[in-house]
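Breakdown of the fold
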Amino acid sequence: HEDRDDVDVEVVFLHRAEPDLEFEGLLKRQHTRVKYFQGSLMNAMDLERAKVHEADACLVLANKYCPDPDAEDAANIMRVISMKNYCEESRIIIQLMQYHNKAYLLNIPSWDWKQGDDVICLAELKLGFIAQSCLAPGFSTMMANLFAMRSFITSPDMAAWQNDYLQGTGCEMYTETLSPSFSGMTFSQASELCFVKLKLLLLAIEVKPIDGGDTKISINPQSSKMPANTVGFFIAQSAEEVKRAWFFCKGCHDDVKDENQIKKCKCKNLAKFRTGVRAIQLVGRAMANSKTNCPQQNMVNSAMPIPIVKKNMMSKEENGAKNMMNGRVKVPNNTVDDTYGGYHLSYEVKKLMPTNKSTAQQKPSKLEVGIADDQAKDFDFAKTEMKYDSTGMFHWTPARSIEDCILDRNQAAMTVLNGHVVVCLFADPDSPLIGLRNLVMPLRASNFHYHELKHVVIVGAVDYIRREWKTLQNLPKISVLNGSPLSRADLRAVNVNLCDMCVILSAKVPSNDDPTLADKEAILASLNIKAMTFDDTIGVLNQSSNAPDAMSPLGSPIVLHRKGSVYGSNVPMITELVNDSNVQFLDQDDDDDPDTELYLTQPFACGTAFAVSVLDSLMSTTYFNQNALTLIRSLITGGATPELEIILAEGAGLRGGYSTPDTLSHRDRCRVGQISLSDGPLATFGEGRKYQDLFVASLRNYGMLCIGLYRLRDAALTTVDATSKRYVITNPPFDFGLLPTDQVYVLLPFERKQSRFSFSETEV
């Protein structure tokens, strides 16, 4: 694609079958750069023919429409083993269907994410995107458009909303080293300078830890000063634009008004700096690699008490290898506590620590209250001691059996559900697992306070959910209604009209005879909810909650932050589709042509539909820019780390951890939110001000980074009108006019105290 710097990439396809007619057409059009070989990745002769050992990278694509996802993953992992066996230096990027199969890649000796090997897990990312849409509706569309390479062409024939949306689809994510003029600035200052002066959106930077470990990506970090040679992550229209951040010189460009004039300047110092910086980066990388083999590693090993090594039956060499997998070598201080706080030791030591001790056992005085032991434990957990998992990244609760979380229709109706997430799940008892953990975990990230967590209610067949339960039992605030997502009585029982988001998923295997029918349940459920009407029950709730500390049966305070929808068509909804073309059936009032590409359709532009096919372009994004995947993953999953991957690979699920200053510091990270301009501290910007004013004020006053708008499609309606749809505008131009009905996508810093905004609030 011409937006990239490097477009001369030759592509070689290797597949067992002959190409079909459509694919042959592509091969003929691109015959100078695309070759097709018929053969097998399991055969060394075929790998030799395709010159795999000379390839820059090997991309293994999964068949997303296969009847058995586990078998597909197993076959593709075998192909990776075959390629690594043929040439272990090969860089491999693989697509996997199921999250639990990621663990098997860690068993391949030459698999090394530091050398560029990477895995794109479709279930993890798809459900992660949908989870973020529960927090900020439409966010899945914005992120999907960021890693698809497109050039936008606006036209006067199109509706105004389509032109605004298309301009956003032309944005992509790029990385570039920041010029020396940025060193010493805080991230907020650098981001403001980039936006106002260079017309670039700086999202994140690469941070090198002081202890010399691996670099990590920090999204909208607060307060720390940036060192020289910092790598920045940008949202921009092309790689050419991003070079401004590399060329910017405070001396020469301070007075330049036109951002296109910011080109290489004549400064002697800067010229010297530029020639040296690439070399410094290479040396830095070499040093980082050599550090991993230095004596520090043995110090970490020797700091461990011998009995622990024996109990884990690990030799020092294996221990070192494990240490490397965690990607962080920590030099211990003299105190045991410091080494215990490090990733590697926390993983090994905590394995031997009791994690399920109830709070009642730890504090015998609590038992005098006169409540039964198990109730005292729950009471404590909800009121005082918030617990996190051993990495400090997610809220954690002692394992509960699924029976404790099942509601029948009457119990659900008695429970005051409001501002929650309803998951409509279609599955047969023997359907392949979709990994619901990947949907719930981002909603349980530790950078939310406990009372901000949205309750998740899963409506579906309990027989299927029971198979998934092992991965959900340690996550708080989950209920299950054994019913059908097509039953209006069940939907009314879970107050679908008061939910913050209704997610429609299907785990059923698409039949081979007619793939277009794969989405029939999801489409029927979506149309069913849209056709429902609800009586306005919110007034009754108002009467009953006069007491200042009114608690709902679920233990969380009743927050009446949104008037319920009277019509089902106003219920916030996101539907997952297997087949792109079925998007035409979701909205009856859109005029989308059946042949329209998914990203141009109204349901996708509005964030109400998501298809797994949009994740294909993430393969090429990862090839060109490995860090982009890391950034997207940390933004989408709520903070999955290499350490967490290893813990989950053990198969025992999330383990609770004791809150230490080290684990509590992990809460201090950014999260996605959506803020209304109709009221609150930013309301003044909704009255005809420009986007740049909002961007600068949000960053200076609240540390919030604005990344886009969610605007009413019919902007002529000046009141916050519940009947109209909204669409996504990614990174609007600086002089874009704002409306009071707009909602803003922001990256919020973690706040230890109660937030100034009600961020859980999403108006329809």
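Structural data are supplied above this passage.
Described in the following lines is the structure provided in the data block. (Residues numbered from 1 in each chain as written. Predicted model: local features only at pLDDT ≥ 70, side-chain atom pairs only at ≥ 80, totals over all residues. Heavy atoms only, no water.)

A few words on the overall build of the chain. Secondary structure summary: the chain contains 31 helices and 22 strands in total. Counting every position in the chain, which comprises 764 residues, the buried fraction comes to 55%. Residue pairs in contact within the chain that sit at least 24 positions apart in sequence constitute 76% of those at least 6 positions apart. In the form shown here, the chain has an accessible surface area of approximately 34,100 Å², with 54% of it arising from carbon and sulfur atoms. (Helix = DSSP H or I, 4+ residues; strand = E, 2+ residues; numbered from the N terminus. Buried < 20%, exposed > 50% of the residue type's maximum accessible area, 1.4 Å probe, protein only. Contact = heavy atoms within 4.5 Å. Areas by Shrake-Rupley, 256 points an atom, 1.4 Å probe, with all protein chains shown as cover.)

Our focus in this paragraph is the sheet that holds strand E15 (residues 501–506). On the basis of which strands lie adjacent, the open sheet formed by seven strands has the order E11-E14-E13-E12-E15-E16-E17 and parallel pairing. Whereas interior strands pair on both sides, the edge strands pair on one side only; in this sheet they are strand E11 (406–407) and strand E17 (609–611). Direction of pairing for E11 relative to strand E14 (residues 478–482): parallel, over a ladder of two bridges. Bridged to Ile 406 within E14 is Val 480. (Pairing = 2+ DSSP bridges.)

So, about the sheet that holds strand E7 (residues 201–207). A sheet is described by the order of its strands in space; here four strands give the open sequence E6-E9-E7-E8, paired in antiparallel fashion. Edge strands, defined here as strands with exactly one partner in the open sheet, are strand E6 (172–177) and strand E8 (216–219). Here the strands of the sheet are splayed against their neighbours by 30° on average, with no regard to which way each runs. Strand contacts of helix H28 (residues 626–637): E6, E7, E8 and strand E9 (231–236), with the helix running at about 55° to E8, the strand carrying the most contacts. (Axes fitted to C-alpha atoms, helices over the stretch in contact; angles between N-to-C directions.)

Let us look at the side chain of Thr 637. Its place among the elements puts Thr 637 in helix H28. Residue classification places Thr 637 among the buried residues on the basis of a relative accessible area of 7%. A distance of 2.6 Å separates the side chain of Thr 637 from the backbone oxygen of Arg 633, its partner in a polar contact. In this structure, Thr 637 is in contact with Glu 124, Phe 394 and Pro 442, ignoring residues within four places of it in sequence. (Polar contact = N/O pair within 3.5 Å; in protein donor to acceptor, adjacent residues only side chain to side chain.)

Moving on, we come to the pattern of salt bridges. Across all of its chains, the model carries 20 salt bridges by this definition. As a salt-bridge pair, Glu 124 and Lys 102 come within 2.8 Å of each other at their nearest N and O atoms. Placement of the pair is Glu 124 in helix H5 (residues 122–135) and Lys 102 in helix H4 (residues 102–105), with a sequence separation of 22 residues. Judged by relative accessible area, which is 8%, Lys 102 ranks as buried. Close ionic contact of Asp 428 with Lys 508 constitutes a salt bridge, the shortest N to O distance being 3.7 Å. Placement of Asp 428 in the loop between strand E12 (421–426) and helix H21 (437–440) and of Lys 508 in the loop between E15 and helix H24 (520–530) is noted, with a sequence separation of 80 residues between them. Note on Lys 508: relative accessible area 28%, which makes it partly exposed. Through salt bridges with shared partners, a single network forms among Asp 428, Lys 508, Lys 520 and Glu 521. (Salt bridge = Lys/Arg side-chain N within 4 Å of Asp/Glu carboxyl O.)

By themselves, these are just geometric observations and shouldn't be taken as functional.
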